[in-house]
Amino acid sequence: MRFPLDVLTVVTGVSGSGKSTLVKEILYPALLKSLGQKPEALGEYESLEGSLRYVKGVEMVDQNPIGRSTRSNPATFTKVYDLIRDLFAQQPLARQRNFTPAHFSFNVEKGRCETCQGEGKIRVEMQFMADVFLTCETCQGKRFKKEVLEVNFQEKDIAEVLELTIDEAIVFLEHIPRLGPLFSPCSMWG
Ligand SMILES: Nc1ncnc2c1ncn2[C@@H]1O[C@H](COP(=O)(O)OP(=O)(O)OP(=O)(O)O)[C@@H](O)[C@H]1O
Ligand SMILES: [Mg+2]
Ligand SMILES: [Zn+2]
């Protein structure tokens, strides 16, 4: 079996042919081992050969949710959001209002909308049906208090920044010290 490097490789085959076993029980742990880490479990295989010196790291990505709740997103998960909150706290209006980075978090009781506790929606329990979620009327789904949303960076408020796609965020944050470099191709993929 050959796995080329520097390209996206897809393992295909009929159900039950052993794709999951090959990737999860052999390739992933064998690569960890070649990187000097201790895999939890390692299936039986004869050998792993090739340009292993080019492999600097290995990550298993599966379909498990990345956070416990709806409060996690790619920005919070990668910690990029910490830097974005710092950036918003440094804006003149934020300084004038004594906002700290915590005010730009929807997880703490400072800047978040308290009607929905930063969820942007309200859960309505339906007696015999699945719960229904309604957009929070106080913040219109924006998750923050009005005073916090008035702080803009490059004409966007914190809620709009959270709505950016990764491609949009790359352009938006390109020239920001500490943030821009995180989005450069080499640091994302290297
Ligand atoms: N090389 C192998 N030799 C013997 N049995 C194997 C081998 N690889 C996998 N199996 C067994 O075959 C079964 C199916 O394997 P696996 O779940 O990896 O298939 P899959 O291709 O991922 O299937 P699916 O497409 O349904 O997810 C499992 O019981 C697994 O233990
Ligand atoms: Mg499978
Ligand atoms: Zn709200």
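What counts and what doesn't
- Residues numbered from 1 in each chain as written.
- Chains lettered and ligands numbered in written order.
- Predicted model: local features only at pLDDT ≥ 70, side-chain atom pairs only at ≥ 80, totals over all residues.
- Heavy atoms only, no water.
- Helix = DSSP H or I, 4+ residues; strand = E, 2+ residues; numbered from the N terminus.
- Buried < 20%, exposed > 50% of the residue type's maximum accessible area, 1.4 Å probe, protein only.
- Contact = heavy atoms within 4.5 Å.
- Areas by Shrake-Rupley, 256 points an atom, 1.4 Å probe, with all protein chains shown as cover.
- Lys, Arg positive; Asp, Glu negative; His and termini not counted.
- Charge placed at Lys NZ, Arg CZ, Asp CG, Glu CD.
- Donors = N, O, S within 2.8 Å, 3.2 Å for Na, K, Ca; no water.
- Tetrahedral: all angles 85-135°; square planar, octahedral: opposite > 155°, others 65-115°.
- Near = heavy atom within 4 Å.
- Polar contact = N/O pair within 3.5 Å; in protein donor to acceptor, adjacent residues only side chain to side chain.
- Nonpolar A, V, L, I, M, F, W, Y, C, P; charged D, E, K, R; others polar.
- Domains from an automatic or database assignment.
- Phe/Tyr/Trp six-rings, centres within 6.5 Å; stacked < 30°, edge-to-face > 60°.
- Lys NZ or Arg CZ within 6 Å of the ring centre and 35° of its normal.
- Arc of directions from axis to C-beta.
- Core = buried A, V, L, I, M, F, W, Y, C linked by side-chain atoms within 4.5 Å.

Caption draft 1: The arrangement of the overall build of the chain in detail. A count of helices and strands for the chain gives 8 helices and 4 strands. Secondary structure elements of the chain, listed N to C terminal, follow the sequence α-α-α-α-β-β-α-β-β-α-α-α. If one aligns the C-alpha atoms of the chain with their principal axes, the spans along those axes are about 65 × 50 × 25 Å. In the chain, which comprises 190 residues, the share counted as buried stands at 28%. Across the chain, every contact between residues at least 6 apart in sequence was considered, and the portion connecting residues at least 24 apart equals 41%. Accessible area of the chain: about 14000 Å², with a carbon and sulfur share of 53%. The chain carries 23 positive and 25 negative side-chain charges, and their two centres are separated by 4 Å.

Caption draft 2: Broad picture of the coordination of the zinc ion (ligand 3). At 2.3 Å from the zinc ion (ligand 3) lie its protein donor atoms, namely C113 (SG), C116 (SG), C136 (SG) and C139 (SG). Considering all 4 donor atoms around the zinc ion (ligand 3), the spread of angles at the metal, 105 to 115°, places the coordination shape in the tetrahedral class.

Caption draft 3: Structural view of the site of ligand 1. Taken together, the neighbourhood of ligand 1 is formed by V14, S15, G16, S17, G18, K19, S20 and T21. Separating an oxygen atom of ligand 1 from a backbone N or O atom of G16 is a distance of 2.9 Å. In this structure, T21 approaches ligand 1 through a side-chain N or O atom, which is 2.4 Å from an oxygen atom. Computed on the free molecule, ligand 1 has an accessible area of 630 Å², of which 40% lies beneath the protein chains in the complex. Across the shell around ligand 1, the residue classes tally to 1 nonpolar, 6 polar and 1 charged.

Caption draft 4: Spatial organisation of the domain arrangement of the chain. By the assigned domains, the chain splits into domain 1 (1-64) and domain 2 (74-189). Relative to domain 2, the C-alpha centre of domain 1 lies at a distance of 36 Å.

Caption draft 5: Fine view of the packing of aromatic side chains. Under the criterion given, the structure shown has 6 aromatic pairs. Seen from their ring centres, F88 and F104 are 5.5 Å apart, and the 40° between their planes marks the pair as tilted. Of this pair, F88 sits in helix 3 (residues 80-89) while F104 sits in the loop between helix 4 (92-96) and strand 1 (121-124); the two residues are 16 residues apart in sequence, bridging distant segments of the chain. For F88, a relative accessible area of 0% gives the class buried. The aromatic ring of F133 is capped on one face by K121, whose charged end is 5.9 Å from the ring centroid. A cation over an aromatic ring shows up here: R143 above the ring of F106, its NZ or CZ 3.9 Å from the ring centre.

Caption draft 6: How the structure looks around the side chain of S105. In this structure, S105 sits in the loop between helix 4 and strand 1. Judged by relative accessible area, S105 falls into the buried class, the value being 8%. A distance of 2.9 Å separates the side chain of S105 from the backbone nitrogen of N107, its partner in a polar contact. Every residue in contact with S105, bar those within four places of it in the chain, is listed here: Y81, R85, R112 and F144.

Caption draft 7: Focus on helix 7 (residues 166-173). Regarding helix 7, the residues found buried are A169, F172 and L173. For helix 7, the angular spread of buried residues about the axis comes to 80°, placing them on one side. Of the exposed residues in helix 7, the ones pointing more than 90 degrees away from its buried face are D167 and V171. Contact partners of the buried residues in helix 7: helix 3, strand 3 (152-153), strand 4 (156-157) and helix 6 (158-162).

Caption draft 8: Geometry of the nonpolar core. By size, the foremost hydrophobic cluster in this structure holds 26 residues, and its most contacted members are I84, F88, F104, I158, L173 and L179. Here the element with the most residues in this core is helix 3; it accounts for 7 residues. If sequence neighbours within four positions are ignored, I84 has contacts with I158, V161, L173 and L179. Formed by 5 residues, the second largest nonpolar core is a distinct cluster that contains L27, L32, V55 and V58.

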